[in-house]
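For reference, the chains in residue letters:
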Amino acid sequence: MPGIPTQNIDRWSKSYCPYCGVGCGLTVGIKDNRVVKVKGDPDHPSSRGDLCAKPIYLPDSLQTGRLLYPYMRPHQEVPFQRASWDAALQQAAMQFKQIITRYGPQAVAFYGSGQFLTEDYYVANKLAKGFLRTNNFDANSRLCMASAAAGYASALGSDGPPAAYEDIDLADCFLLIGTNTADCHPVIFDRIKQRKRSAPDRVKVIVVDPRETATAKIADLYLPLRPGTDIALLNAMLHVLLKASLLDGSFIAQHTHHFEQVEATVERYPPEVAAEICDLPAELIVKAALAFGRATGALSFWSMGVNQSTVGVSKNQAIINLHLATGQIGRPGSGPFSLTGQPNAMGGREAGGLVHLLPGYRLIKNPTHRLEVEAHWGVPAGRIAPQPGLTAIEMFEAAARGQIKALWIAGTNPAVSMPQLDLVETALRRAELVVVQDAYHPTDTTHLAHILLPAAQWSEKAGVMTNSERRLTYLPKLVDPPGEARPDWQIFTCFAQALGFTQAFPYHSSAEIFAEFVGLTQGRLCDYSGVSHARLQDEGPLQWPCPTPTHPGTVRLYPEARFTTPDGRASFTPTEHTGPVEGPDTTYPLILTTGRLKNQWHTMTRTGKSESLRRECPEPIIELHPADAARWDIADGKLVKVASRRGAAIARACVTLKIKEGTCFMPFHWGRLLGYYKAVNNLTTTATDPISQEPELKACAVQVSPLWMMELQRQPASTVLEMVEL
Ligand SMILES: Nc1nc2c(c(=O)[nH]1)N[C@H]1C(S)=C(S)[C@@H](COP(=O)(O)OP(=O)(O)OC[C@H]3O[C@@H](n4cnc5c(=O)[nH]c(N)nc54)[C@H](O)[C@@H]3O)O[C@H]1N2
Ligand SMILES: Nc1nc2c(c(=O)[nH]1)N[C@H]1C(S)=C(S)[C@@H](COP(=O)(O)OP(=O)(O)OC[C@H]3O[C@@H](n4cnc5c(=O)[nH]c(N)nc54)[C@H](O)[C@@H]3O)O[C@H]1N2
Ligand code: SF4
Ligand SMILES: [Mo]
């Protein structure tokens, strides 16, 4: 365990984990204005003292490589000069005003993060949508949860995961589809594992993933499907249940619409047809369907293997169809349950932090919603533009074309995490103004900025985050930020003031901002108008809906199966199988899927600073099936050149039977700054789902070949990867 002996700690305080959307409670030890130790918080109802390795190493990452002061430069070819906060914000304000005057409000854009506090989100959105009149505020949740949010909204009438973690202890069938829960949501995985152990014969676990990850270890049924074929599988499961009369006819009749359309569609997906599409044995599909259909409580968890697809919304709808058809929703131990990626991607959705949203799960396109928000913000009716702004990929495409002139990026590192990094680089180089607000420097994105603004990060600012089970936790400020770093909400507030909007942005604390925001949740599904900073501090975390100051919070949505639609009924949507946009061909014969490693977080600006975490996987790897490795003459442990239609990367071969033949896998943690060819997003595609606009980060076609450079192979891997020119 890192850190200093417990007896030397000045004080302990409760907080919340700044990594994944499980949203575990932390107990944090502080000494001399520094966080020195992190443990689980036994009182946090979502995690009950449990936690994984990543936050334990937070003390290693909080000091090193921090961006301490604002910096500016006239263009990207010259070094940054230190500036005062006033000068940096005045400069940004002047350029924003000029650009808006010259080209209109659509020429500016903000790109934020599911790692913001809810208050950060709220202020930035209010500024963009209510005062600058641009709806161009999107977030990295577009690459992550957008398909899930759209899936819930289309089926249930509103975004919002219906189930809660306590349903894990009550379920007897788990469908884990497109999620490596063991590595990416470890504390939820532990709870599922405990449930399985408590009744090993009764509780069934189904894992659906082209890779046999650590998650598959607890599976009764492991389905290694071909990437991008989930809809065929889910339709076939429904087909089997229909034929076996395992559907809940009265639930369908009383609480839903359009079942007949789905019935007609799944008729065309008998298990034999899906078996062909998915490359799975038909009997495995039947077994999975029966396990789901016979369960008293069926709980489905999913994440990026479902969402990051050109049919991501349909995949979500196909999962929800299964739950509606069996009545497995709103009851203890059941429900469709998307696992949120980032710690506050949920809060971001609630605060309206995407280009098509307004606070309180409202929609830009809805005139009544716009009026309600305009009234709350004290701006004239008609101020909010009626059309959604440009989504993440569209935003960078527009900047690369020269249509977006000013980009403000905060709490995200798109020069590593967006598909097709050439596009991102072109966009950032073409824009007249790139403002980057980050806790660290250099990163691949800060490296391309004109103005750098130092952000206070976790433990250095106070505010609220919502986790996957709709639970709000208060994060106190525990230590002072280093240098001149400021909380994101404060930076946006000061920027709004520099633009002249002082009256509408008078905030001195995030508590005031939270209070203003919760007013906009009143009467909405995500009503938490009974919550305040003070209440969360006094009573601890609360689950929304929580509409009054004495309301205890709500475990589960839709207990009476009354959904958020005008007539209270949910909607089935027929879903059809369509493969990824790039299928394998003779030139690019393998499907590359990308994702995460257990001990790294995203672009490694934080976890990469811990020696212990880095040691686990010091360099990019590529998982290959032995048959594919043999076909292209690749030996385990050797360097491999991977090329797609868009670019190339290099990684070390990890030859394993745990990946499906014809598929390979690379993590996306490395950016070009760490070695140009380490970046997997050199390869990925910007093709997106037509509804959610979420990119297909889980499938593109590649070719692999050994890197025949014997002399290079004798050098340390990092040098090789940095020096090799393809
Ligand atoms: N250690 C760690 N944990 C994290 C993060 C991190 O960076 N590191 N990030 C957090 C964030 S923001 C997110 S979004 C989550 C992501 O959590 P996950 O979604 O669990 O993680 P990924 O590795 O992106 O992808 C999950 C799995 O999808 C599988 N997959 C690929 N294509 C398909 C397909 O077509 N169908 C199916 N069924 N499966 C497929 C992959 O093989 C992979 O095992 O993790 C969160 N937790
Ligand atoms: N190929 C491929 N690409 C992917 C994915 C994939 O599966 N495959 N997954 C996608 C998904 S799901 C996600 S969520 C994204 C994540 O991608 P990013 O959002 O780009 O990843 P992070 O490294 O978490 O970036 C967070 C940034 O915020 C900074 N930061 C930390 N704390 C604070 C703070 O309090 N304030 C401010 N202003 N900055 C702070 C960090 O230093 C870092 O630069 O990646 C996406 N990209
Ligand atoms: S499971 Fe997620 S929220 Fe919990 S400690 Fe690990 S990273 Fe943090
Ligand atoms: Mo994510």
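For the structure given in this document, a descriptive report is provided here.

Quick notes on the rules
- Residues numbered from 1 in each chain as written.
- Chains lettered and ligands numbered in written order.
- Predicted model: local features only at pLDDT ≥ 70, side-chain atom pairs only at ≥ 80, totals over all residues.
- Heavy atoms only, no water.
- Pairing = 2+ DSSP bridges.
- Helix = DSSP H or I, 4+ residues; strand = E, 2+ residues; numbered from the N terminus.
- Axes fitted to C-alpha atoms, helices over the stretch in contact; angles between N-to-C directions.
- Contact = heavy atoms within 4.5 Å.
- Near = heavy atom within 4 Å.
- Polar contact = N/O pair within 3.5 Å; in protein donor to acceptor, adjacent residues only side chain to side chain.
- Areas by Shrake-Rupley, 256 points an atom, 1.4 Å probe, with all protein chains shown as cover.
- Nonpolar A, V, L, I, M, F, W, Y, C, P; charged D, E, K, R; others polar.
- Domains from an automatic or database assignment.
- Phe/Tyr/Trp six-rings, centres within 6.5 Å; stacked < 30°, edge-to-face > 60°.
- Buried < 20%, exposed > 50% of the residue type's maximum accessible area, 1.4 Å probe, protein only.
- Lys NZ or Arg CZ within 6 Å of the ring centre and 35° of its normal.
- 1 Å grid on protein atoms, 1.4 Å probe; cavity = no way out; pocket = protein on both sides within 12 Å on 5 of 7 lines; lining within 4 Å.
- Points joined across faces, edges and corners; volume = space filled by probe spheres on them.
- Sits in = over half its atoms within 2 Å of the grid points.

Here's the deal with the sheet that holds strand β9 (residues 204-208)
Note: strands within a sheet are paired through backbone hydrogen bonds, in either parallel or antiparallel orientation.
Turning to step 1, where the next piece is worked out: The five strands lie next to each other as β10-β9-β8-β12-β13, forming an open sheet whose pairing is parallel. What marks the edges here is a single partner per strand, and that holds for β10 (221-223) and β13 (335-338). Strand after strand, the sheet turns through a mean of 15 degrees between neighbouring axes, direction not considered.
Turning to step 2, where the next piece is worked out: Sheet topology note: the strand β12 (residues 298-302)/β13 ladder contains four bridges and is parallel. Within the sheet, the bridge partner assigned to Leu299 lies in β13 and is Gly335.
Turning to step 3, where the next piece is worked out: In this fold helix α8 (residues 230-243) packs onto β8 (173-177), β9 and β10, with an angle of close to 160 degrees to the strand it touches most, β8.

Here we look at the site of ligand 1
Turning to step 1, where the next piece is worked out: Residues in close proximity to ligand 1 total 35 residues, the closest being Asp209, Gly228, Asp230, Arg596 and Gln600.
Turning to step 2, where the next piece is worked out: Take Asp183: an N or O atom from its main chain is 3.3 Å from a nitrogen atom of ligand 1.
Turning to step 3, where the next piece is worked out: Bound to the protein, ligand 1 loses 99% of the 910 Å² it would expose on its own.
Turning to step 4, where the next piece is worked out: Its residues assigned to classes, the shell around ligand 1 shows 11 nonpolar, 15 polar and nine charged.
Turning to step 5, where the next piece is worked out: Among the domains, domain 3 (146-338) and domain 4 (590-725) are the pair contributing at least three residues each to the shell around ligand 1.

Looking at the packing of aromatic side chains
Turning to step 1, where the next piece is worked out: If you walk through the whole model with that rule in mind, you get 26 aromatic pairs.
Turning to step 2, where the next piece is worked out: Seen in terms of ring centroids, Tyr19 and Trp601 are 5.3 Å apart; in terms of plane orientation they differ by 55 degrees. Their pairing is tilted. Here Tyr19 is found in the loop between β1 (11-16) and β2 (25-31), whereas its partner Trp601 is found in the loop between β23 (590-595) and α23 (611-616), with 582 residues between them in sequence. Pair check on accessibility: Tyr19 and Trp601 agree, each one buried.
Turning to step 3, where the next piece is worked out: Taken together, a centroid distance of 6.1 Å and an interplanar angle of 85 degrees make the contact between Phe505 and Tyr507 edge-to-face.
Turning to step 4, where the next piece is worked out: On the basis of relative accessible area, Phe505 is assigned to the buried category, the value being 0%.
Turning to step 5, where the next piece is worked out: By relative accessible area, which is 6% here, Tyr507 ends up buried.
Turning to step 6, where the next piece is worked out: Counting every residue linked through ring pairs, the aromatic cluster contains Phe96, Phe110, Phe116, Tyr121, Phe137, Trp408, Phe492 and Phe495.
Turning to step 7, where the next piece is worked out: Over the ring of Phe80 we find Arg73, and its NZ or CZ is 3.8 Å from the ring centre.
Turning to step 8, where the next piece is worked out: Above the ring of Phe505, the side-chain terminus of Lys126 is found at 5.0 Å from the ring centroid.

Thoughts on the pairing of strand β27 (residues 663-667)
Turning to step 1, where the next piece is worked out: Counting buried residues along β27, five of its five residues qualify, which places the element largely inside the surrounding structure.
Turning to step 2, where the next piece is worked out: Burial along β27 is two-sided: the residues Thr663, Phe665 and Pro667 and Cys664 and Met666 are all buried.
Turning to step 3, where the next piece is worked out: Taken together, the five bridges between β23 and β27 define a ladder with parallel strand orientation. Each residue of the ladder has a partner; that of Ile591, found in β27, is Thr663.

Examining empty space enclosed by the protein
Turning to step 1, where the next piece is worked out: This model, assessed by the stated rule, comprises two cavities of 30 Å³ or more.
Turning to step 2, where the next piece is worked out: Considered as a void within the structure, the second largest cavity measures approximately 70 Å³ in volume.
Turning to step 3, where the next piece is worked out: Taken together, Cys17, Cys20, Val22, Gly23, Cys24, Leu51, Cys52, Pro55, Pro186 and Val187 form the lining of the second largest cavity.
Turning to step 4, where the next piece is worked out: Looking at side-chain class alone, the lining of the second largest cavity contains nine nonpolar, one polar and no charged residues.

Some thoughts on the sheet that holds strand β21 (residues 542-543)
Turning to step 1, where the next piece is worked out: With antiparallel pairing, three strands are arranged side by side in an open sheet as β19-β20-β21. Strands with a single pairing partner mark the edges of an open sheet, and in this sheet they are β19 (463-466) and β21.
Turning to step 2, where the next piece is worked out: For β19 and strand β20 (residues 471-475), the ladder comprises four bridges, and the chain directions are antiparallel. The residue of β20 that forms the bridge with Val464 is Tyr474.

Topic: the site of ligand 3
Turning to step 1, where the next piece is worked out: Cys17, Tyr19, Cys20, Val22, Gly23, Cys24, Leu51, Cys52, Lys54, Pro55, Pro186 and Val187 make up every residue found near ligand 3.
Turning to step 2, where the next piece is worked out: The pocket occupied by ligand 3, as judged from atoms lying within 2 Å of grid points, is the second largest cavity.
Turning to step 3, where the next piece is worked out: Looking at the shell around ligand 3, the elements with two or more residues in it are α1 (53-56) and α7 (186-198).
Turning to step 4, where the next piece is worked out: Of the residues that constitute the shell around ligand 3, the class distribution is 10 nonpolar, one polar and one charged.

Some details on helix α17 (residues 392-400)
Turning to step 1, where the next piece is worked out: Within α17, seven of the nine residues are buried, leaving the element largely enclosed by the surrounding structure.
Turning to step 2, where the next piece is worked out: Along α17, the residues that are buried comprise Ala392, Ile393, Met395, Phe396, Ala398, Ala399 and Ala400.
Turning to step 3, where the next piece is worked out: At its buried positions, α17 is contacted by β6 (108-112), β7 (137-139), β16 (406-410), α18 (414-417) and α19 (421-430).
Turning to step 4, where the next piece is worked out: Gly402 sits one or two positions beyond α17 and adopts a positive phi of about 90 degrees.

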